[in-house]
Amino acid sequence: MRRSLRFAAAAFFVISLNCSPAVGQAGDRGRVAGQVVTATTERPIPTATVAPLGRADSRGTVTDGEGRFVLEDLPADSVTLRVRHVGYVTTTRSVRVRAGTTTRLTVRLESATVELSGLEITGTTRGARAAIPGAASRVDAAALERMDPIGTQAALAHVPGVYGLSDDGMAQTRMSVGIRGLQPRRTQRVLVMEDGMPIQPAPYVFSPLYYNPPIERIEEIEVIKGSATIRHGPQTMAGVINYVTSRPQRRSPGGTLEVTPGTNGYVSAFGELGGFGTDAVHPQVQLVVKRGEGFRENNDFRQVNGTAKLQASLGDNRSLYVRTNLDYERLNATYTGLTPYTFDTDPDFNPKDDDLYQIYRASLGTIYNRRYGDAVQGTTRLYANVFHRPWWREKDVFVRADDYQNPDVDADPVPVNTPGPLMRVGISDAVDRALTLDDAPYFGNVRTFYVTGVEHAVDVQHGLFGQEADLEVGGRLHWERFRDDRKISDEVGRREGVFFRGDLSDPDPVTIIGGSSIYETRALSLYALEDVQWGPLRLSPGVRLEIFEQSQIDRLNGSQYRDQTSVVPLPGLGFNWILGRPDLGPTLGESDVRLFGGVHRGYTPPSSATFAIVGFDPPGATGSGDGGFDLQAEKSWNSELGVRGRSEAGQFEVTGFYLYVEDLVGGRTSFQQNLGVVQSYGLEARTRIDGGAFAGPLPALDVSYTYLHSEVVRGIISSAIDGLPQDISGNELPAAPSHKATAELSNRFPEIGLRLSTTLSYTGRFYTDLENLETTTNRGERGPVPAHAVLDASVTYDHSDALSVQLTAKNVTDNVYIGSRLHSNPSQPSANLSTGIIPGARRQINLSIQYDF
């Protein structure tokens, strides 16, 4: 099927609410005056809509430039006001109107991307967050400030159910996190978004995360793991991570400047300027410049990231948000890990000074909101990005440690089965003769991605069987193109390679030594979600339909064309039940407990690109053109049941989950085909206790814990030991620790402007391959990763409202531990195919100075 998929039209209709307004006595009238402000900074919110509910005799109004409003001629009675503004959580307030007087109030709206990005979980009021039909977590601005992380992966370590693997480098551009036991490598089974728009290079055909926005630009991080994930796609198996960035809100010229120097050559500078627009148009510019030398030798990075934003009010009922971003990164990134010998004797060892990873990325995102009435709202999102990523690396070989460290002996390459201490080095360090193309000493993976899409959604508040309901329907058109070139150079450091060996002018055929393929996806997605409130019970049924065509052209194999079309329905059902408060409805009181749960269909699109590049070539792919699209898509049934509650003293959430996954596809995990069935189940818990609610000096305690059991239900692979078929039923999944926990103590002393925080993180032991091999080798490519714990601490001094200073120490004890064997496969022991040991992040001390003007 070569025709483009088209999203022609969608029709939406509204069911009206049945209301029974209470009308006061004639002549008994009063007025309400107030101001609408942001909950965090209490800045005024102009153009917010304030309207009485169920009052046919009273009309609403819109706030002025200072966020103020007046409602005249209201009946003397209890009146419920609904306050709405795009980008904020809709809030209702009940007030008592008295005859002949003015009732005054201030309404504080919590920031939300519900209307900007369609992510319902981002409502931060108690009602909005507690009503989520499934497990969800939010790392808010306050938590990010306490942590002061270098990258987003460190911030996600506090979220239960989320696991991260250490990778080469300190910038965390190539983040590797998994959710609930699914493979974390390059975050390829998680949908990652910024302000509700996908940022992965090609979400359908190549989902590994090779770009991550700098943490300095992120205001909050949200994680959805329940049935609400079917709103987004195509990755709905593990969950959704959404980075929420700040919106232009300044009403007068000003900005922020933050400079953070640190150890290991780390320096970060962030600047933001805004407030120079009009009452209706608010621009903002941001610039991030970062650098660091890394935790190992030859491990430096540089990054420049610039963003321009515009928030415009287009009248009382319309708004437009535009964000453009340019990113450049240069990393001395490598696949060269450590052997057990180098880990024990010199964990900073990395001889690869010619490996170079670069990113050139430009993106555009726009969000248009329109309110058609009190009950109907539409959101249109348009996104596009171009991502170019050349990565040149030197071929690795093994040498004897004694030879390499002896200046009088030539350290020649040795076979993988050589006994004794070994070291993994670049081929140029071990070969004296001139290198040729046959050696493939230096190779470049040059990849370019083009992505664009448009999505429209309509939210309708209506009545259903006499109950309150909310229907959201939407559709998305998406297109992506991925060109993957692999070039070979015969000189280490010369980043100009070739695809073949030979001369095209000669009659003899040339020999293909590189690769060049083009992958493309055209996709149509439709979804519908309904929220129905029956007293204390809220049901949330929904369905998503993915229709997409994937194609591949092998440019070095006669431009051979292959394609595949998929049509996938993804149903889901969630619920939320208020316990012990049947009269409460959807709004939380001062203390409340809710039961929630759901089940949904998870899905990961079949992708020969991801399989061949992140893992290994699919069966029959080399030269034959077979395989690849013959892979089955990964499918799962995800279910969960949990309880959450909160009061003035704190909050908690406990969730039990179960994932049943069919046709799991391997990458760097010992198999090159669809596996049978795997499952994972466990318990996630998170709680916060505010000690100040019991006694002023007591600190706040935040604890998160995850218990995970993962296993292969049915599967056979070739053994890495003898190559024979091996039944791995009952084995654990790789990179799935049974226990993970964090505990944080924090306290504020506002009278002296001091804030303190200390965090202890624990990650349990986990296997790195499907055979669950217990022993390692002198190469380091197999064996479990031992449990480890890391201690962090920070102290912040607020000199004034404008100036603050923060000292942060990561890995205070400088614990040297194995972080992962991320790019290893025990079936491929070659130094150039398996990286061996990747050490965890070492001690990092930063001093951050922030000034607001």
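What you see is a predicted model; the values in this text were computed from it and never measured.

Any chance you could break down the pairing of strand β44 (residues 844-852) for me, citing the residues and the numbers?
For strand β15 (residues 254-261) and β44, the ladder comprises four bridges, and the chain directions are antiparallel. Considered in β44, the bridge of Thr 256 is made with Asp 852. Pairing geometry for strand β41 (residues 803-810) and β44, over eight bridges, is antiparallel. Within β44, the residue paired with Ser 804 across the bridge is Gln 850.

Which residues make up the pairing of strand β11 (residues 190-194), and what values do they have?
Counted residue by residue, β11 has five buried out of five residues, so it is predominantly covered. The two faces of β11 match: Val 190, Val 192 and Glu 194 on one face and Leu 191 and Met 193 on the other face are all buried. Bridge analysis of β11 against strand β14 (residues 239-245) gives five bridges, and the strand direction is parallel. Of the residues in β14, the one forming a bridge with Glu 194 is Tyr 243. Sheet topology note: the β11/strand β12 (residues 197-198) ladder contains two bridges and is antiparallel. Across the sheet, Met 193 pairs through a bridge with Pro 198, a residue of β12. Hairpin connection from β11 to β12: two residues lie between these consecutive antiparallel strands, with Asp 195 at a positive phi of about 55 degrees.

Can you lay out the sheet that holds β14 for me, pointing to particular residues and giving the numbers?
If you trace the five strands from one edge of the open sheet to the other, you get β8-β13-β14-β11-β12, paired in mixed fashion. Two strands bound the open sheet, and with one partner strand each, they are β8 (136-139) and β12.

How would you summarise the nonpolar core if you had to cite specific residues and measurements?
Core analysis: the largest hydrophobic core is formed by 57 residues, its most contacted members being Leu 144, Leu 156, Ile 221, Ile 241 and Tyr 243. Residue contacts for Tyr 243: discarding those within four places in its chain leaves Thr 152, Met 175, Val 192, Met 193, Glu 194, Asp 195, Ile 199, Asn 212, Pro 213, Ile 218, Glu 220 and Ile 221. Leu 338, Leu 435, Leu 822 and Ile 837 belong to the second largest nonpolar core, which has 24 residues in total.

Got a sec to walk through the side chain of Asn 385? Specific residues and values, please.
Topologically, Asn 385 is positioned in strand β21 (residues 376-394). Residue Asn 385 is classed as buried on the basis of its relative accessible area, which comes to 7%. Dropping the residues within four chain positions of it, Asn 385 is found in contact with Pro 198, Arg 361, Ala 362, Ser 363, Phe 449, Tyr 450 and Val 451.

Any chance you could break down the pattern of salt bridges for me, citing the residues and the numbers?
Scanning the model with the defined rule gives 45 salt bridges in all. Within this structure, Glu 194, Asp 195, Arg 217, Arg 247 and Arg 323 form a network of salt bridges that share partners.

Each value, and the rule that gives it
- Residues numbered from 1 in each chain as written.
- Predicted model: local features only at pLDDT ≥ 70, side-chain atom pairs only at ≥ 80, totals over all residues.
- Heavy atoms only, no water.
- Pairing = 2+ DSSP bridges.
- Helix = DSSP H or I, 4+ residues; strand = E, 2+ residues; numbered from the N terminus.
- Buried < 20%, exposed > 50% of the residue type's maximum accessible area, 1.4 Å probe, protein only.
- Core = buried A, V, L, I, M, F, W, Y, C linked by side-chain atoms within 4.5 Å.
- Contact = heavy atoms within 4.5 Å.
- Salt bridge = Lys/Arg side-chain N within 4 Å of Asp/Glu carboxyl O.

All quantities given are derived from atomic positions and should not be read as evidence of function.
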